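As a plain string of letters, each chain reads:
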Amino acid sequence: GENVEQHPSTLSVQEGDSAVIKCTYSDSASNYFPWYKQELGKRPQLIIDIRSNVGEKKDQRIAVTLNKTAKHFSLHITETQPEDSAVYFCAANSGGSNYKLTFGKGTLLTVNP
Amino acid sequence: KAGVTQTPRYLIKTRGQQVTLSCSPISGHRSVSWYQQTPGQGLQFLFEYFSETQRNKGNFPGRFSGRQFSNSRSEMNVSTLELGDSALYLCASSRPRQDGTQYFGPGTRLLVL
């Protein structure tokens, strides 16, 4: 089955700096890669996703890149703010289904004022 | 539109008991997926239901089961509870289109004593 590795497990940055979180996946059939943000005690919220027919997608301060050949994708957050502090999860669909997601173990991002 | 709702939000059970959790998807969403979230294992896929049929299944023992009703509401059941079943159980619903975007509910936190 699909395996998703996520690094780093913790990341601390200064406000205004950029943050990068990287994920690798194993199933070459995966074609949907969402990123979720989960604040303490809250539900995971989709922040951005990318499909295999594109290499990069941006939404304001957030961008995701995908390298299908290398089977890795990354989340980039620019101009970080304290409210960006949360756990971020990457995921990949597996088993040929968009509705079965395999998640990475998460990255705890702390943005220091 | 109202978001995904889950009941109950918190539950305490003892080993050997069984539990039923409920999930109401966003109106118009027909796919409901269930995930178990623990500090050690992260987010793990349990199963997905669409039009009252289990369409995808994760690697959990048969003690974990689910069903979906004609109004797309879903329940999951865990029988013969074990201490290791203590977790946050999240459901997510998806739109009818095949894009797989999943929207999570707030979760049910289950504690098994």
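Residues numbered from 1 in each chain as written. Chains lettered and ligands numbered in written order. Predicted model: local features only at pLDDT ≥ 70, side-chain atom pairs only at ≥ 80, totals over all residues. Heavy atoms only, no water.

Engineer: Where do I start with the environment of Thr24(A) in this structure?
Structural biologist: All names here are of chain A. Tracing the backbone through its elements, the reader meets Thr24 in strand β3 (residues 19–25). Residue Thr24 is classed as partly exposed on the basis of its relative accessible area, which comes to 35%. Taking the C-alpha atoms as reference points, Thr24 and Glu5, separated by 19 residues in sequence, lie 5.2 Å from one another. If we ignore the near neighbours within four places in the chain, the residues touching Thr24 are Asn3, Val4, Glu5, Lys71 and His72. (Helix = DSSP H or I, 4+ residues; strand = E, 2+ residues; numbered from the N terminus. Buried < 20%, exposed > 50% of the residue type's maximum accessible area, 1.4 Å probe, protein only. Contact = heavy atoms within 4.5 Å.)

Engineer: How do you make sense of unusual backbone geometry when you look at a structure like this?
Structural biologist: Both trends apply: most residues other than glycine have a negative phi, and most peptide bonds are in trans. Residue Pro8(A) follows His7(A) across a cis peptide bond; omega there is -5°. Position of Pro8(A) among the secondary structure elements: in the loop between β1 (4–7) and β2 (10–14). Of note in the backbone geometry, Ser72(B) takes a positive phi value of approximately 75° without being a glycine. Its place among the elements puts Ser72(B) in the loop between β7 (64–68) and β8 (74–78). Despite not being glycine, Thr80(B) has its phi angle at roughly 45°, a positive value. Position of Thr80(B) relative to the elements: it lies in the loop between β8 and β9 (87–94). Looking at Thr80(B), the relative accessible area reads 47%, which means it is partly exposed.

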